[in-house]
Amino acid sequence: MTASLVDFDDVVERYDPMLGLEVHVELNTNTKMFCGCPTGFGAEPNTQVCPTCLGLPGSLPVVNRAAVESAMRIGLALNCSIAPWGRFARKNYFYPDMPKNFQTSQYDEPIAVDGWLDVTLDDGEIFRVEIERAHMEEDTGKSLHVGGATGRIHGAEYSLLDYNRAGVPLIEIVTKMIPGTRERAPEVARAYVTALRDLIKSLGVSDVRMDQGSMRCDVNLSLSPRGSGILGTRSETKNVNSLRSVERAVRYEMCRHAAVLDAGEKIVQETRHFQEDTATTRSGRVKETSEDYRYFPEPDLVPIAPSAEWVEELRGTLPELPWARRARLQAEWGLSDEELRDLVNAGALDLIEATVAAGAPAGEARSWWVAYLAQQANAREVTLDALPITPAQVARVIALVAGGELNNKLARQVVDGVLAGEGEPDAVVEARGLKVVSDDGALIAAVDEALAAQPDVAQKIRDGKVAAAGAIVGAVMKATKGQADAKRVRELIIERCG
Amino acid sequence: MGTRLDVPTAGRAPGVAAPVIHLLEGPLSAAITRDEVAHLARLARLAVTDAELDVFAGQLDVILGSVARVGEVAADDIPPTSHAVPLENVYRPDELRPGLSQEQALSGAPASEDGRFRVPQILGEEA
Ligand SMILES: [Zn+2]
């Protein structure tokens, strides 16, 4: 056990990190990979099961065509070649999360190989990550460890198994070793997982929710002495389940590896688990023997041999990919690189595009989402898209402002009402009585009152110091609780002082 | 080493596939060792006594030897195959099929609790 860590700057001074990322994506097909059971999240335990996914004797798997198509679309979007022929294999292990005692997976014949994904780093630099493979497999069941203090295996008295998730289609996407990241390794890792998530989301083949486990990341990392080119022993960190954690796991492992190597010890080739609360990793499987899965071709499933026509048909279904879309929106909305990056980082791109599609001018749509709504999201500690307001509702508020029915202050109150669950913008305007007062009679009375209250200001205006009118406008706005049309008020003040 | 039964995978780089095991390629005269039997027993979570190691090593040897005789008839012009029937691309549509109720699913389980299968504590590994 090495207790101390090496300072990150010191690590990159003396070591080169070698990074590898394995990402599991749960597909959003209606049914499982090899049987017709549903895949929905959160059902009562063991209610989405059948003889096949329970591994009962005599049951036979049949491949879900939609899952194969999703896998090929992911492969194509990652610029991979689609293998013209491949088999599933059995990965044998004795662990109760798979009732069959094996997991059906593609092993040495993955459906997609040799691709790449260009990822944008924080400063706008494009970094190309080479993809080794994407292959199909099935998810495992969920274990609940009972007894023991931590809910972990160690100390548990027994385990309870729910097989609803067993057999849900998974795609595992594996990068080649990523060299040359240096001090940017943590950033590259996060940027890659972000880009992959956005890509898969655009394909519509998965929910890619890291918080719900429909996207999971394993981080492989090794260090070699700067410039030596000697490949170090790697550790594999599992359980990295947020974008921030991906970055932190890489950083932590770099500092931990360096400490072990500096102490003249050897890195243990092992699986480690990321600890969300402390941003550290702890040793998982320390095995005296190597893992031994005794893979062999699955005899119950026939080979997958996609024809060139099928592959081309699927290529034709690829949507506009995220980076192409970003470039297009950047041009359409006239954004600088930095402005675009801020929108992407804020998760505002989709929302702004939808608001524009609902009829709002791009500038105003952008300003609402990145300013007032972003503040509201921050205050509630949720992401922008989790705010209880739709792009169409935002577009409606923008239209009400453009039509002179609301001013900006009132518009924010309408948005507050929508966020508070008071209904559509028009209903909030009605219920809260938020329409701009442009009735001259009422405004003139308020203006006269304000002028009478501040005779010295009134005199200045009469003397031609029009700028002094601001004070009166402010008083009138206050008197009308912000509901006056400020422009009209100013006109009336000049009129009344003329 | 005798007949290749186990293919260690932990040492490979991510994505670099270890070879799929081909029992039929093993040398015909290979003898399975006690150590190999012990290793397999450990992977299968089976408690095997010292005496049983010798018994099983002998028995497994006979089985592997019998299977390996296939290699005697396999000629260079016959490619290895994993399937008896020359079929490809058999799929089902992504449509729900009725499955089992929770009660049915658990009916064959030796023990269950809260709608879940109950299994003995799992040692030494973590998923
Ligand atoms: Zn099933």
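Source: prediction; values computed, not measured.

## Digging into the overall build of chain B
The helix and strand inventory of chain B stands at 4 helices and 3 strands. Walking chain B from its N terminus toward its C terminus, one meets helices and strands in the order α-α-α-β-α-β-β. Here chain B, with 127 residues, has 30% of them falling under the buried criterion. Taking all contacts inside chain B whose residues are at least 6 apart in sequence as the whole, residues at least 24 apart take part in 40%. Of the roughly 8300 Å² of accessible surface on chain B, a fraction of 58% belongs to carbon and sulfur atoms.

## Focus: the coordination of the zinc ion
All names here are of chain A. Within the protein, Cys35 (SG), Cys37 (SG), Cys50 (SG) and Cys53 (SG) serve as the donor atoms for the zinc ion, at 2.3 to 2.4 Å. Around the zinc ion sit 4 donor atoms, and with donor-metal-donor angles ranging over 98 to 115° the site reads as tetrahedral. Taken in chain order, the donor set of the zinc ion reads C-x1-C-x12-C-x2-C. One end of the pair, Cys35, is in the loop between strand E1 (15–26) and strand E2 (63–64); the other, Cys53, is in the loop between E1 and E2, with 18 residues separating them in the sequence. Comparing Cys35 with Cys53 shows no difference in burial state: the two are buried.

## Digging into the side chain of Glu109 of chain A
Residues and elements named next belong to chain A. Mapping Glu109 onto the fold places it in the loop between strand E5 (102–106) and strand E6 (112–120). Within polar-contact distance, the side chain of Glu109 engages the side chain of Arg87 at 2.8 Å. Setting aside residues up to four positions removed in sequence, Glu109 forms contacts with Trp85, Gly86 and Arg87.

## Side note on the sheet that holds strand E9 (residues 158–162) of chain A
Reading across the sheet, the 4 strands line up as E8(A)-E9(A)-E3(B)-E2(B) and stay open at both edges, with antiparallel pairing between neighbours. Each having just a single partner strand, strand E8 (142–146) of chain A together with strand E2 (112–113) of chain B make up the two edges of the open sheet. Bridging between E8 of chain A and E9 of chain A involves 5 bridges; their strand directions are antiparallel. Each residue of the ladder has a partner; that of Ser143 of chain A, found in E9 of chain A, is Leu161 of chain A.

## Description of the packing of helix H11 (residues 408–419) of chain A against helix H12 (residues 425–432) of chain A
Residues and elements named next belong to chain A. The contact between H11 and H12 brings their axes to 9 Å, and the two run at 110°. One element, H11, and the other, H12, form an angle in the roughly perpendicular class. Counted together, Gln413, Val414, Asp416, Gly417 and Val418 of H11 and Pro425, Val428, Val429 and Arg432 of H12 form the full contact between these two elements. In terms of residue class, the contact of H11 with H12 is built from 5 nonpolar, 2 polar and 2 charged.

## Re the domain arrangement of chain A
Domain boundaries in chain A define domain 1 (8–314), domain 2 (322–432) and domain 3 (440–497). A separation of 67 Å is found between the C-alpha centroids of domain 1 of chain A and domain 3 of chain A.

## Some words on the confidence of the model for chain B
All names here are of chain B. Taken residue by residue, chain B gives an average pLDDT of 76. The fraction at 70 or more is 72%. The secondary structure element of chain B with the lowest average pLDDT is helix H3 (residues 70–73), at 80, and the one with the highest is strand E1 (residues 91–92), at 98. Taken together, the stretch residues 1–29 has pLDDT below 50 and engages in 75 contacts with residues farther than four places along the chain or on a different chain. Across the interfaces of the predicted complex, the ipTM metric reaches 0.75, alongside a pTM of 0.77.

## Considering the packing of helix H6 (residues 322–333) of chain A against helix H7 (residues 337–345) of chain A
Residues and elements named next belong to chain A. In contact at an axis separation of 10 Å, H6 and H7 are set at 120° when each is read in the N-to-C sense. The orientation of H6 relative to H7 falls into the category oblique. The chirality of how H6 crosses H7 is right-handed. Residues Arg326, Gln330 and Trp333 of H6 form the contact with H7, whose own contacting residues are Asp337, Leu340, Leu343 and Val344. By residue class, the composition of the contact of H6 with H7 is 4 nonpolar, 1 polar and 2 charged.

Thresholds, definitions, all that
Residues numbered from 1 in each chain as written. Chains lettered and ligands numbered in written order. Predicted model: local features only at pLDDT ≥ 70, side-chain atom pairs only at ≥ 80, totals over all residues. Heavy atoms only, no water. Helix = DSSP H or I, 4+ residues; strand = E, 2+ residues; numbered from the N terminus. Buried < 20%, exposed > 50% of the residue type's maximum accessible area, 1.4 Å probe, protein only. Contact = heavy atoms within 4.5 Å. Areas by Shrake-Rupley, 256 points an atom, 1.4 Å probe, with all protein chains shown as cover. Donors = N, O, S within 2.8 Å, 3.2 Å for Na, K, Ca; no water. Tetrahedral: all angles 85-135°; square planar, octahedral: opposite > 155°, others 65-115°. Polar contact = N/O pair within 3.5 Å; in protein donor to acceptor, adjacent residues only side chain to side chain. Pairing = 2+ DSSP bridges. Axes fitted to C-alpha atoms, helices over the stretch in contact; angles between N-to-C directions. Parallel < 35°, antiparallel > 145°, perpendicular 65-115°, else oblique. Nonpolar A, V, L, I, M, F, W, Y, C, P; charged D, E, K, R; others polar. Domains from an automatic or database assignment. pLDDT = per-residue confidence, 0-100. Left-handed = near helix turned anticlockwise from the far one by under 90°.

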